[in-house]
Structure formats: structure tokens, C-alpha cells
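Chain residues, written in single-letter form:
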Amino acid sequence: MKFGVLNQGFLRREGKVQVPQMQESNRSNSPESITPKYLLSLKELSLYLWGVPHIYRTRCRFLKRESTSNRLKDSGFYLNPPLTSTFFIVHQLESPKSAEAFDCLVEDKGESMAATGLLLGLILVLGCFSEICVATISFSSLQTTLVVTVSHPRRLLRAGEDKITVRWGLNQSLPAGTDSAYKTIKVQLCYAPISQVDRAWRKTEEHLSKDKTCQFKIVKMPYTTGNQTLEWTIERDVPTATYFVRAYALDANDHEVAYGQNTDAKKTTNLFEIQAISGRHVSLDIASVCFSVFSIVSLMGFFFVEKRTGRKAQQ
Amino acid sequence: MEISSTITETEPQKFALPVDSEHKATEFHLFSSAAPHMRAFHLSWISFFSCFVSTFAAPPLLPIIRDNLNLTATDIGNAGVASVSGAVFARIAMGTACDLFGPRLASASLILLTAPAVYFTSIASSPISFLLVRFFTGFSLATFVSAQFWMSSMFSGPVVGTANGVAAGWGNLGGGATQLIMPLVFSLIRDIGAVKFTAWRIAFFIPALFQTLSAFAILIFGQDLPDGNYQRLQNSGNKQKDKFSRVFYHGITNYRGWILALTYGYCFGVELTVDNIIAEYFYDRFNLKLHTAGIIAASFGLANIVSRPAGGVLSDMMAKRFGMRGRLWALWAVQTLGGVFCIILGQVGSLTASIVVMIVFSVFVQAACGLTFGVVPFVSRRSLGVISGMTGGGGNVGAVLTQLIFFKGSKYSKETGITLMGVMIVCCTLPIFLIYFPQWGGMFCGPSSEKIATEEDYYLSEWSSKEQGKGLHQASLKFADNSRSERGRRVHSQTLPSNATPSANV
């Protein structure tokens, strides 16, 4: 996992972030202080240190806990503990599937921090908080190791009726063992760029948790080496649009590690169109018309009755 | 000797509530449905509520509809604009119709004529048909004018403000309730077995039926005035008709009506806009389920249950102490604060903060609506219907403008649109500074010190001397006397204390 350009401008020594000396009673140097009893899904935290008018900014990413050892395997930086024991808080999300650690990179906002020694604690102000807790995996960090092909009887398919045949497998030209981490395969139906125009709810985003390109699951099954084939009947709630198929390979923690799609990187070739059901029924049409006519007729009926009683009263 | 006794139409009738000389109720009993006053109240707020439910039934289901009809963001924005633009002229026309035909027939006709549009939403199959059904359904929002008119005919001075505020507030509630009702009905129908793209179509029959039934109730149980219906009263000569052209002229030449129309566009119009976009905003930005987004969006409209009446009550309280100047200051302050919270709403990024800010924003914006209609009754007496219609229509114009500028297509992200809309609210509330009543003053100036600046001068300026010669101005004269309370605590000890109605909101 890459962390992009978070390194710049940070206080770093020997590849680890050092935070200023702080006086804390139960300070421990073991990485265990980052023990994630709680999961946060954060993009940014601002740390305000008591009594010290400095602002730190952190970016938090998820790390994986190696099952073999108790050391956190860091794929970036990890924070020297002092800060963590006092401030990780706040929010416990429902049943995380695996004990994920998160690490936060602390960035000093330019002012040099000598030992302060007057810190009493920390307040955490959440900058951003998203509801769903997922690892912030970015699409560009995935490898294209799978080959996916789709065959369909005609170019314009009908939802609820037509079937498509999806074939996926590891790219044979890659060295064996590339797929050792793949545990599950998830095949999805994704919108082509032309169907995303002027529709922000189908937008492609870098971070997979926010990406809305692929909204329909074709299948999710355990990964097996070799090519797999599936015949899928297009479900009736698929809207009219142009699509392609993408397959994600997930590891044991249900995180995407690789993908493949039946179109090119620009998503222009091998696209197919699906025509949705209209959802209308003859009975609905008839009911609408009948009720509408009834409303108008009853209004005229009321007017007629009013005029008649008015005329009667005058006589 | 024969004594002939003529039995006139004005035989004293027994009313369940205490009434004044015009048989308008002087008390407001919320939990009674006594004919004719409280019954009229319940009929009018329920029918207005049903129209709001129908007009805003589409937004909470948009995530389904946009996939079924293959809508783009532009199509959705256009439909949203269309849904509120129809009522702009319908509201002005409704004021006239109430004058001519009475609120009962006018509102029931409008509701029954727009019900087909709601039924036809079930068979919409393209962006254009979707836009058309939303456009025609939106006409039903003109029932606002008939509801206010009906309340003003049934309730007298001290309670008409409350009656108007509660009727309008509880009607506007429909915009919030629909965000709860429609996703619920949709999921019920879908769970029964219908596929998504059919379930939403069936769901639209619910608001349509509700609307139809409420119109029937008005026709069967309602009456225009405490004494009876317009037609009967006009036939017996008990009701005088004013000239439409004069009424219209005096309405549109009063600049205060135009200013209030503009500012109402940025409290009520903004409320309509938010009703249209808020469910989608929460669904898309925070990745919520449709049902959850609906609940959160609903809480925006549901605040109407107290906030709009509270605005009316606040207006009356300010008037007691500070008179009309207090009403204007309160209106400006509350609406500007609403704009500020709108700006904040677009800036916050966390779900909890968004919900909290949204609720605060809704309270201020809806209270501003109530406060506006604390000022409207005093702008004109002769052309009350036209001024109310203009202000109401201005509300819809504001909704059209904000949706066109900020929420059409993909030019601004929804959060940027919301922030910019807040800025526009603050700017468009400033014209309240310009409202000036010679007899009471404005926000910055006191009442005019000239001798001719009295309430009578102001209200009688709407009648020509020929009309005054005919005695057509008597009602305005009475109203002018009652409105002296708008001077606030400064009320001269010499003014007649006999007219004991403290704040004559007609």
C-alpha cells in the first residue's frame, strides 16, 4: 500500500516519526499501545495539544496485523506510542471483521517543536468522519493480474431476460504464486464512462470505499486457480446504461488486492448495453387513468349538485 | 293590526366557539373540530398537507426513479425547478379565485384537478414525462393561499395569526412527512414482492388517493364563511363584491408587497429547495441507505410542526412591545441567521454535525416564514388576497431561482450549492431594511412626523374619494383602528382602549 505524498514536510528521523517529548505518566514504547480496540475510519485528525499552541495534522491509514507476530507490520510509518495511549477514543464500530490497526502519521505544521513538557493530554478533533469503516485502498494501488472476458448474445441486452457469460482467471504470463494471497473473487457489473456523464452518483473515485463505478454484484465466491466461468442472468433492477465487467481479487481480510476487467484501461472497448425493465404494467396504467377520470368527473358532479341546490334554494 | 316580521338571513346562529360581530371565532381550540371554524381549520391544513406530500413525493425516491427513467443530474434539477415553478402564478390566481368563488370551491377544484398529475406519475417513462408530472403536481401548492384566506375568514384578530401560522406550518409539514412516508411505502410494496422499478410506481397511488379524499372532505364538510357558502350569501345579497381591477392594482403597486415577495422567496423558497435536494444529498454524500436518508431529510420538514407557528408567535410578541418595527427586526434577524446556518451546513463534513446544523437551519428558516406572514396582513387591507398571493408566489420564485442557479446539473457539488444558497439568503434578506410604514416606521427610521401619518391615512389611501363616498371603505376603517396596536408600547393613552383586540392580524 502506498501512502502517496504524505512524507513531505514531516518531522522524520530514521524513517519513523518522532513526536516531541511529552510528560505522561503511562507512556509506553511498545507498539502495542496502538492496540486497536477501536476502529476509526478517518481521513484526517487535528491534534490540539493542551497548553501548546501547535497544531499537528495526522493522516491515518489502516495497517494489517500480522498473525504470526505481535509486531505491527507497517507499510508506511508508525507513530511512536506516546500520543496514542491517551487519545484513541471515541468510536467503536460494529464488529470489525479482523483486528485492524491503524496508524497515524503526525505532521508538524512547520513550527519546530522542542521538548515541551507541559502537555497534560490531548483533545482530538475529528476533521472528517465517514460512516463506513473500510480500509482506504486506492484503485491505482491494485495490480491488474486477472483477465476477464464477457460474452453476450447481442449488443443490447434486456434486464431480467438475457444472460451474459463471464470468464475470469489469472493472467497466465505472470509468475506463479502471484495469486497466493487471493482468497475470494468478486465480480461486478460496472458503469462505462458514457453512463457516468452528469450523474454524480455513479462517479469513479480513486478510493475504493467511495468509488461508485461498480454497483451491481454478479458473484462473490472463493478464489480457485484456473479459469472460471459463470452464466449470469441480468437482474431486473439493473438500469439502462452501458456497462463492462470487473473482477476484484480479495485477500483473507476482504480487501481488494488485484483486479481485472473485460475492457481496456480507458474503458472504451468491449462495452455492452443493457436495457432496463420499464416497471410499468398494464394494470397500473389502467388504474392511473381510471382514478384520474374519476377525480375530474366527481369534481364536475359536485359542481352540478351545488348549482342544483342553489337553484332550489332560490326558488 | 298586523305585525309582519321579516326573518332576515342574519338570524343569530349558535356557534360552538365564541365569535365576534362578523361571526369570526375569537378563540382557537386546537383539538376540537366544531363546525364551522375548527372544522375549516382541520380541513384546510390536512388538504394543504396532502398537496405538499404529493409535490415532494418524488425526491425521497429519486435514487430509484433516476435509474428507472435514466435521468441525469440535469434532468433531476429541471424537474425540481418545474415542481415549484407552476405554483408561482397559480398562487396569485388562487387569491383572485378565493375572492370570486370562495376558498372551499377554489381549493377543492385545484386539488382535484391536480390529482391526475400524481396518478400519472406512476406511468412516467422518460425524463420529459417526469418533468411534466412534477410540474403539474406542483400547481397544488397554491392551496396555501386558499388555506390562509379561509383562516382569515373564519378567525378574528387575536387568533388569526395563530390559526394562519399553525395551518401553514402543519401543511408545510407534508414536505417532511413525505420523506418518511414514501420510502416506507416503497419498501413495504417491494417486500410484498414487487420489483424496485414497479414498487415506486405503486407507491405514488398513496399520496394521490390521500389528495383526492381530502378534496372530497372539503367539499362535503367545509363551508366558506361562518354564515355559509359564498354562492348562497351572494344570492341573498349579504356579501359585497369588490372590483377585481382596483384590488389588483392596489396590490401590485404597493412596493412592500414586492419586497416581502422577494424575502419570502429566501425563507420559504429555500425550504422548498431543500425539500427537493436534501434526501439525495444525504444518500450520496454519506452513503446512507435510502430509508435512513429519508428519515434525516424528513426531520427538516418536520420541524415545521412548531417552528413556523413559533415564528408567528414571536412576531406577535415583538409587535406587542415594539410594534411593526419589532416585527421587521425579528424577521430580518431570524432569516439572516437562517442564511448563516445554511452556509455552515454546506461546510460541515461529518454526518452528525450535518444533521444538527440542518435542524437548526430548518427552525430558523421556517420561523422566518411565520414571521413574514406576521407582516403581510398589514401591508394592505383592500388587497390582502393579492398581497398574500404575491408573497406566496414569490416564495416559489425563490425556490425556482435557487434550484436553477445552484442545483441544476453538475456545475456545483451539492455542498457548494448549499453554501452559496446561504450567502444568497443573507443578501436577499437585506431589502427588509427598505420597508417603511409612515405610521409605524421601518427598521431604521421611526414613524413619520407629518400630520398625515396615521393608520387611517395609510389604509384609506387605497380607496378613491368616490369609493369612500359610497361607503365602501368601512371595513378598512375598522381595520385601521384595530391596527393601532402595531405602534407597540408607545400606544398613545388617548387612543381608544375600547377596541380591545391587541394585535389585529387579519
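Residues numbered from 1 in each chain as written. Chains lettered and ligands numbered in written order. Predicted model: local features only at pLDDT ≥ 70, side-chain atom pairs only at ≥ 80, totals over all residues. Heavy atoms only, no water.

An unreviewed UniProt entry lists chain B under the name Major facilitator superfamily (MFS) profile domain-containing protein, with Gossypium darwinii as the source organism. UniProt, in the comment section headed Subcellular location (unreviewed entry), describes chain B in these words: "Endomembrane system". Among the UniProt annotations of chain B, the heading Sequence similarities (unreviewed entry) holds the following wording: "Belongs to the major facilitator superfamily. Nitrate/nitrite porter (TC 2.A.1.8) family." (UniProt positions renumbered as here; feature names shortened; annotations may be inferred.)

The name given to chain A in an unreviewed UniProt entry is High-affinity nitrate transporter, with the source organism recorded as Gossypium arboreum.

Caption draft 1: Fine view of the packing of aromatic side chains. Residue and element names in this part refer to chain B. All told, the structure shown has 41 aromatic pairs over all chains when counted by the stated rule. Each ring, one from Phe41 and one from Trp170, has its centre 6.4 Å from the other, and the planes form 55 degrees; the classification is tilted. Here Phe41, found in helix α1 (residues 37–55), pairs with Trp170, found in helix α7 (residues 157–192); they are 129 residues apart in sequence, far enough to count as distant. Judged by relative accessible area, Trp170 falls into the buried class, the value being 16%. Where Trp45 meets Trp170, the ring centres are 5.1 Å apart and the plane angle is 80 degrees; that geometry is what we call edge-to-face. Pair noted here: Trp45 is in helix α1 and Trp170 is in helix α7, with a separation of 125 residues, a long-range link. Taken as a pair, Trp45 and Trp170 share a single burial class, namely buried. Connected via pairs of aromatic rings, a cluster forms that spans Phe48, Phe52, Phe56, Phe144, Tyr264, Phe268 and Phe373. Note that Arg256 overlies the ring of Phe437, its terminal NZ or CZ placed 5.1 Å from the centroid. (Phe/Tyr/Trp six-rings, centres within 6.5 Å; stacked < 30°, edge-to-face > 60°. Helix = DSSP H or I, 4+ residues; strand = E, 2+ residues; numbered from the N terminus. Buried < 20%, exposed > 50% of the residue type's maximum accessible area, 1.4 Å probe, protein only. Lys NZ or Arg CZ within 6 Å of the ring centre and 35° of its normal.)

Caption draft 2: Geometry of the interface of chain B and chain A. Taken together, the contacts link 47 residues of chain B with 38 residues of chain A. Between chain B and chain A, the buried area comes to about 3,600 Å², and carbon and sulfur atoms account for 61% of it. The largest share of the area that chain B buries against chain A comes from B:Asp67, B:Ile123 and B:Phe197, three residues that together contribute 14% of it. Where chain B packs against chain A, one counts three salt bridges. Put simply, B:Arg104 and A:Glu306 hold a salt bridge, and the shortest N to O gap is 2.5 Å. Remark: the boundary between chain B and chain A carries 13 residue pairs in polar contact (both at pLDDT 80 or more). The set of elements that each furnish at least two residues to the side of chain B that touches chain A consists of α2 (62–68), α3 (73–101), α4 (103–121), α8 (196–203), α9 (205–221), α10 (230–235) and α13 (268–286) of chain B. For the side of chain B that touches chain A, the leading source of residues is α4(B), giving ten residues. Along the lines of polarity and charge, the residues of the side of chain B that touches chain A split into 24 nonpolar, 16 polar and seven charged. (Contact = heavy atoms within 4.5 Å. Buried area = accessible area lost by both parts, 1.4 Å probe. Salt bridge = Lys/Arg side-chain N within 4 Å of Asp/Glu carboxyl O. Polar contact = N/O pair within 3.5 Å; in protein donor to acceptor, adjacent residues only side chain to side chain. Nonpolar A, V, L, I, M, F, W, Y, C, P; charged D, E, K, R; others polar.)

Caption draft 3: Region of interest: the pattern of salt bridges. Residues and elements named next belong to chain A. Within this structure, the stated rule accounts for 15 salt bridges over all chains. Between Asp285 and Arg280 there is a salt bridge, and its shortest N-O distance comes to 3.2 Å. Given a relative accessible area of 31%, Arg280 falls into the partly exposed group. What you see here is one network of salt bridges that share partners, running through Arg154, Arg158, Glu161 and Asp162.

Caption draft 4: Expanded view of the state of the cysteines. Under the definition given, this model contains one disulfide over all chains. With its sulfur 2.0 Å from that of its partner, A:Cys190 forms a disulfide with A:Cys214. Since a negative S-S torsion denotes a left-handed disulfide, the A:Cys190-A:Cys214 link at about 100 degrees is right-handed. Taken together, the residues span a long stretch of sequence, with A:Cys190 in strand β12 (residues 184–191) and A:Cys214 in strand β13 (residues 214–222) at a distance of 24 residues. A:Cys214 shares its class with A:Cys190; the two are buried. With no disulfide of its own, B:Cys98 lies closest to B:Cys51 among cysteine sulfurs, the gap being 13 Å. Here B:Cys427 is not cross-linked by a disulfide; its sulfur's nearest cysteine counterpart is in B:Cys428, at 6.4 Å. (Disulfide = S-S within 2.5 Å.)

Caption draft 5: Here's a closer look at the domain arrangement of chain B. Residue and element names in this part refer to chain B. Taken domain by domain, chain B consists of domain 1 (35–225), domain 2 (255–453) and domain 3 (455–485). Each partner contributes residues to the interface: domain 2 has 15 residues there, and domain 3 has twelve residues. If you sort the residues of domain 2 by the area they bury against domain 3, Arg381, Arg382 and Trp440 come out on top, with a joint share of 52%. Taken together, the links from domain 2 to domain 3 amount to zero salt bridges. Where domain 2 meets domain 3, there are six residue pairs in polar contact (both at pLDDT 80 or more). When the residues that make up the side of domain 2 that touches domain 3 are grouped by side-chain class, the tally is nine nonpolar, two polar and four charged. (Domains from an automatic or database assignment.)

Caption draft 6: Examining the environment of B:Phe437 more closely. Residues and elements named next belong to chain B. If you trace the backbone, Phe437 turns up in strand β1 (residues 436–437). Along the chain, Phe437 and Leu112 lie 325 residues apart, while their C-alpha atoms are 40 Å from each other. Among all residues touching Phe437, those that are not within four sequence positions of it are Arg256, Met324, Phe378, Val379 and Tyr458.

Caption draft 7: Highlighting unusual backbone geometry. All names here are of chain A. One non-glycine residue, Asp254, lies in the positive phi region at around 65 degrees. Take Asp254: its relative accessible area is 26%, and that puts it in the partly exposed class. For Lys267, which is not glycine, the phi torsion reads 60 degrees and is therefore positive. Note on placement: Lys267 falls in the loop between β16 (256–261) and β17 (272–275). In this structure Lys267 comes out as buried when scored by relative accessible area, which is 12%.

Caption draft 8: Spotlight on the packing of α3(B) against helix α17 (residues 384–406) of chain B. All names here are of chain B. Interhelical geometry of α3 versus α17 gives an angle of 170 degrees and a closest axis separation of 8 Å. One way to sum up the angle between α3 and α17 is to call them roughly antiparallel. In this structure, α3 uses Gly80, Val81, Val84, Ser85, Ala87, Val88, Arg91, Ile92 and Gly95 to contact α17, whose residues at the interface are Gly385, Gly389, Met390, Gly392, Gly393, Asn396, Val397, Ala399, Val400, Gln403 and Leu404. Split by residue class, the contact of α3 with α17 holds ten nonpolar, nine polar and one charged. (Axes fitted to C-alpha atoms, helices over the stretch in contact; angles between N-to-C directions. Parallel < 35°, antiparallel > 145°, perpendicular 65-115°, else oblique.)

Caption draft 9: Representation of the environment of A:Arg311. All names here are of chain A. Along the polypeptide, Arg311 turns up in helix α2 (residues 282–314). Judged by relative accessible area, Arg311 falls into the partly exposed class, the value being 48%. Considering only alpha carbons, one finds Arg311 and Phe291, 20 residues apart in sequence, at a separation of 30 Å.

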